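Examining the three-dimensional arrangement
For reference, the chains in residue letters:
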Amino acid sequence: MKRSGLAEWQGVADTIRSGKRFILITHERPDGDALGSCIGLSHCLEAMGKTAHVVSTSAVPRQYRFLDPTGKRVTVYDGSAEQQQLFADADVILQLDTNRLARTGLAEPVAASSAKRVVIDHHTEPELTPDVLVDETEASSTG
């Protein structure tokens, strides 16, 4: 079991402080942990005066629609020019509840973006390519 240290969490805080435009992503077919983490953090970022977009390749499942009651918080990625521009304009991409970019279904727009990538997760064996990695494998969930 691994627990991230103060340096990793400080890296997250510094990246959030310095960024203005954020995209939050998670795994395909998101569950409550994934959606709750992304939606909750997007509210926090907006309260800090930042722009935050939750982008998923999957629609919000019926049982989790209470997390996005207006249906406007989570954008389903369709590859449109407008959505590609969101990734191009982002300062930071926050990847939550999955430590594998391939599991998001968004590898292409993430790879095309010059944004810093932060991964916050609780699963084992993370890929080691993000700018900041917090991997709390002792935690039962991300959010």
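Scroll up a little and you will see the structure.
Residues numbered from 1 in each chain as written. Predicted model: local features only at pLDDT ≥ 70, side-chain atom pairs only at ≥ 80, totals over all residues. Heavy atoms only, no water.

Details of the overall build of the protein chain
For the protein chain, the count of helices and strands is four helices and six strands. Along the protein chain, helices (α) and strands (β) appear in the sequence α-β-α-β-β-α-β-α-β-β when read from the amino end. The buried share among the 143 residues of the protein chain stands at 46%. Within the protein chain, residue pairs in contact and separated by at least 24 positions form 63% of the contacts whose partners lie at least 6 positions apart. When the accessible surface of the protein chain is summed, it comes to about 7500 Å², and 52% of that surface belongs to carbon and sulfur atoms. (Helix = DSSP H or I, 4+ residues; strand = E, 2+ residues; numbered from the N terminus. Buried < 20%, exposed > 50% of the residue type's maximum accessible area, 1.4 Å probe, protein only. Contact = heavy atoms within 4.5 Å. Areas by Shrake-Rupley, 256 points an atom, 1.4 Å probe, with all protein chains shown as cover.)

Details of the pairing of strand S2 (residues 51-56)
In this structure, strand S1 (residues 21-25) lies alongside S2, joined through four bridges in parallel fashion. When the sheet's bridge partners are listed, arginine 21 is paired in S2 with threonine 51. After leaving S1, the chain enters helix H2 (residues 32-47) and then returns to the sheet as S2, a path that is right-handed. (Pairing = 2+ DSSP bridges. Right-handed = clockwise from strand over helix to strand, strands pointing away.)

Here's the deal with the packing of aromatic side chains
Counting across every chain of the model gives one aromatic pair. For the ring pair tyrosine 77 and phenylalanine 87, a centre distance of 5.8 Å and an interplane angle of 85° mean the geometry is edge-to-face. With tyrosine 77 in the loop between strand S3 (74-76) and helix H3 (81-89) and phenylalanine 87 in helix H3, the pair connects residues that are 10 residues apart, well separated along the chain. In this pair, the class of tyrosine 77 matches that of phenylalanine 87, namely buried. (Phe/Tyr/Trp six-rings, centres within 6.5 Å; stacked < 30°, edge-to-face > 60°.)

With respect to the nonpolar core
Counting residues in hydrophobic clusters, the biggest one holds 18 residues, and the most contacted among them are Phe22, Leu24, Leu45 and Leu94. For this core, the leading source of residues is H2, giving four residues. Ignoring sequence-local partners within four residues, the contact set of leucine 45 consists of Ile16, Phe22, Leu24, Lys50, Ala52 and Leu94. Listed in part, the 11 residues of the second largest apolar core include Ile23, Val55, Phe87 and Leu106. (Core = buried A, V, L, I, M, F, W, Y, C linked by side-chain atoms within 4.5 Å.)

Considerations on unusual backbone geometry
Positive phi is not limited to glycine here, since arginine 29 has a value of about 50°. Among the structural elements, arginine 29 can be located in the loop between S1 and H2. In this model, aspartate 97 sits at a positive phi of 65°, which is unusual for a non-glycine residue. Mapped onto the fold, aspartate 97 is located in the loop between strand S4 (92-96) and helix H4 (107-112).

Things to note about the pairing of S4
Most of S4 sits out of view: five of its five residues are buried. Where burial is concerned, the two faces of S4 agree: the one with Val92, Leu94 and Leu96 and the one with Ile93 and Gln95 are both buried. Examined bridge by bridge, S1 and S4 share four bridges and lie parallel to one another. Bridging across to S4, leucine 24 finds its partner in leucine 94. In this structure, S4 lies alongside strand S5 (residues 116-121), joined through five bridges in parallel fashion. From the neighbouring strand, glutamine 95 faces S5, where its bridge partner is valine 119.

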